[in-house]
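# Examination of the molecular architecture
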Amino acid sequence: MDCDVLVIGGGLAGLACAMALSDAGLHVRVVERADEAGGRARSITDATTGERIDLGPHILLSEYRNMLRLLDLLGTRRHVAWQGARFITLVDAPGATTLHLYPLPAPLHFLPDLLRVPQLSLADVASNARLFWRVLRLDDAGRMQLDQVDAEQYLRALGVSERFIDWYWRTVAMAIMNVPLGECSAGALLGFFRYLVGRNGYQLGLPSIGLGDLFAPAARHWIEARGGAVRLGIEAARLELAGDRACGAILADGTRLHARWTVAALPPPSLHALLPESLRTHATFRDLAAFAPSPYVSTYLWFDRRLSRERFWANTWSPRTLYYDFYDLANIRAHRDAEGSLVACNLIFSTRAAHLDDAALIDAACSELAAYLPRTREAVLRHAVVHRIPMAIPAPHPGSESLRPEARTPIRNLFLAGDWLATGLPASMESAVRGGWMAAEAVLQEAGRPRAWVQPLPRMDPLAALGGRRAAAG
Ligand SMILES: Cc1cc2nc3c(=O)[nH]c(=O)nc-3n(C[C@H](O)[C@H](O)[C@H](O)COP(=O)(O)OP(=O)(O)OC[C@H]3O[C@@H](n4cnc5c(N)ncnc54)[C@H](O)[C@@H]3O)c2cc1C
């Protein structure tokens, strides 16, 4: 045996899993095909400016219990800059609305700001009443029942006004679930919305150093200090089976790596590519093709001057704009030498921009930026890069929630990890760490060294929970 556990994939899920396993004294080897660990949350060095940028900008929530525990173990939580009660600024040209978390019991905490949005009437806000009560009493079984239904159809059926759907729900579907509302599972959308309205006191956080630098080097150090290894630039080509058991993997250079347990910490398309023919038609694996991607374009713009003092804002949904979230890293990164703004912007579910070249994507980003920050028009754009990301997350299309697998597979010593597992959360960094620890717990159980790593999902605040119970009883 080359090691006790082979972990394929050095993203958040693979690293979290390997940390837990090496902490239990197992000899772990992680193979990662890229030259940097961190996967979709990795940082890279920009060749022109030498600055650390991310594959695409990310947000954390203070409710990310698994991710924050990981950062606590690594000693890097202090590098998250929290937004405080100012939740998000939504830009709907020419105006902007900032949503705050008011010190009111959940689910009332967003209400004062929603009632002030110029685009919405009191009747628009009130049209959510039936939906709201359904959401508060939504349990796991209800979430799965709603999985087959598309969210747009469901909101209409419950009487939500078209204006509220356009201004609020289309924006939430794209910005949080990463798919258009009409292509989103109602179960997935409302399952997450339950957390947003059922609790108060949470905050958005932004990494004040490169996102990957927040966890990847320290996780590697953790694993290697416990006798494990993280090997970069090593690609697994095929999972290896011996009869009904997994026995490791064959690497792209032909080397065989043998392990007692194998964890595939890979997104669905990469896992599919690694499966031996005999497993492709197996019930657990044949649905992998159904996890369609939500592609992104992340554009980074370097300007010669400061454009704002804001850290983060987002465009509301509109058929006329492309980008959603904007981040001025000059106001987020703690130790940045350069003077001018470095704005990162995400074009979510970017299929509608697939025909655009880099110049057109950069132009669109600059003009959408200028619509909110007119100073952009006088600023000089010094440098820009465009990252095309084929799959930011597996898209939560109707029916996809029910397909999300557990960490255990029918092959007793083969386990899965990743953001797309049945973690109870939308695919995200939090889901990736939770999925990694689900796999670690399953391996530790098999190895006779059981230990708990998975952090519980947040509960609703008392008033919201009482509302949910009353709605369920009524
Ligand atoms: C632009 C962008 C913005 C996002 N915004 C947010 C956000 O704001 N908040 C949030 O919580 N989440 C966000 N996400 C999602 C988040 O990044 C992912 O959910 C999370 O990083 C997934 O981690 P993972 O370990 O499951 O998968 P991955 O990060 O994909 O890790 C899998 C790893 O396996 C490696 N690999 C693949 N095939 C092989 C092979 N054959 N051999 C060896 N290695 C292999 C890959 O290189 C990769 O490193 C965003 C993602 C993107 C891309």
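Predicted, not measured: the structure shown is a model, and the values here were computed from it. (Residues numbered from 1 in each chain as written. Predicted model: local features only at pLDDT ≥ 70, side-chain atom pairs only at ≥ 80, totals over all residues. Heavy atoms only, no water.)

### Observations regarding the overall build of the protein chain
- The number of helices and strands found in the protein chain is 15 helices and 19 strands.
- Rg of the C-alpha trace for the protein chain: 22 Å, near the compact-globule value of 23 Å for 474 residues, within the 12% margin.
- For the protein chain, the spread of C-alpha atoms along the three principal axes comes to 65 × 60 × 40 Å.
- Expressed as a percentage of the 474 residues in the protein chain, the buried residues total 59%.
- Of the contacts formed within the protein chain by residues at least 6 apart in sequence, a portion of 70% connects residues at least 24 apart.
- As displayed, the protein chain offers around 19200 Å² of accessible surface, 53% of which is attributable to carbon and sulfur atoms.
- Within the protein chain, the 48 negative side-chain charges are centred at a point lying 5 Å from the centre of the 50 positive side-chain charges. (Helix = DSSP H or I, 4+ residues; strand = E, 2+ residues; numbered from the N terminus. Rg over C-alpha atoms; globule rule 2.2 N^0.38 Å. Buried < 20%, exposed > 50% of the residue type's maximum accessible area, 1.4 Å probe, protein only. Contact = heavy atoms within 4.5 Å. Areas by Shrake-Rupley, 256 points an atom, 1.4 Å probe, with all protein chains shown as cover. Lys, Arg positive; Asp, Glu negative; His and termini not counted. Charge placed at Lys NZ, Arg CZ, Asp CG, Glu CD.)

### Points about the sheet that holds strand β8 (residues 95–100)
- Ordered by their spatial adjacency, seven strands build an open sheet running β8-β7-β15-β16-β17-β14-β18, and the pairing between neighbours is mixed. For this open sheet the edge positions go to β8 and β18 (381–394), each flanked by a neighbour on one side alone. Put simply, the sheet's adjacent strands are angled 20 degrees from each other on average, direction ignored.
- As defined by bridge partners, strand β15 (residues 312–315) adjoins strand β16 (residues 325–328) across three bridges and the pair is classed as antiparallel. Bridge pairing in β16 places Trp313 opposite Phe326.
- Packed onto the sheet, helix α8 (residues 162–177) meets β7 (86–92), β8, β15, β17 (342–348) and β18 and runs at close to 115 degrees relative to β7.
- Sitting on the sheet, helix α13 (residues 358–372) is in contact with β7, β8, β14 (293–303), β15, β16, β17 and β18, with an inclination near 70 degrees to β14. (Pairing = 2+ DSSP bridges. Axes fitted to C-alpha atoms, helices over the stretch in contact; angles between N-to-C directions.)

### Concerning a nonpolar patch on the surface
- Residues Leu104, Leu108, Leu111, Leu115, Leu122, Leu463 and Leu466 make up a contiguous nonpolar surface patch of about 590 Å² in total accessible area.
- Tracing the chain through its elements places Leu115 in the loop between α3 (111–114) and α4 (122–126).
- Its relative accessible area of 45% is what places Leu115 among the partly exposed residues. (Patch = residues over 30% accessible without salt bridge, like charges linked within 9 Å, V, L, I, M, F, W, Y side chains within 5 Å. Salt bridge = Lys/Arg side-chain N within 4 Å of Asp/Glu carboxyl O.)

### Comments concerning the domain arrangement of the protein chain
- Assigned domains of the protein chain: these are domain 1 (3–48 + 209–290 + 397–446), domain 2 (111–201) and domain 3 (293–394).
- The C-alpha centroid of domain 2 is placed 33 Å from the C-alpha centroid of domain 1.
- Contacts between the two partners involve nine residues from domain 1, matched on the other side by 14 residues from domain 2.
- Roughly 890 Å² of surface becomes buried between domain 1 and domain 2 when both sides are summed, with 59% attributable to carbon and sulfur atoms.
- When the area that domain 1 buries against domain 2 is broken down by residue, the three leading residues are His397, Pro398 and Glu401, summing to 55%.
- The tally of links from domain 1 across to domain 2 stands at one salt bridge.
- With a shortest N-O distance of 2.9 Å, Arg143 and Glu401 are connected by a salt bridge.
- Applying the counting rule to domain 1 against domain 2 returns five residue pairs in polar contact (both at pLDDT 80 or more). (Domains from an automatic or database assignment. Buried area = accessible area lost by both parts, 1.4 Å probe. Polar contact = N/O pair within 3.5 Å; in protein donor to acceptor, adjacent residues only side chain to side chain.)

### With respect to the nonpolar core
- In this structure, Leu70, Trp169, Phe215 and Leu271 are the most contacted members of the largest nonpolar core, which totals 142 residues.
- Excluding anything up to four places from it in sequence, Trp169 contacts Asn128, Leu131, Leu155, Val160, Phe164, Leu181, Leu189, Leu190 and Phe193. (Core = buried A, V, L, I, M, F, W, Y, C linked by side-chain atoms within 4.5 Å.)

### Comments concerning the environment of Leu70
- One can find Leu70 in helix α2 (residues 65–74).
- The spacing of Leu70 and Gln153 is 83 residues in sequence and 38 Å in space, taken between C-alpha atoms.
- Sequence-distant contacts of Leu70, defined by excluding residues within four places in its chain, comprise Leu12, Ala16, Met19, Phe215, Val433 and Trp437.

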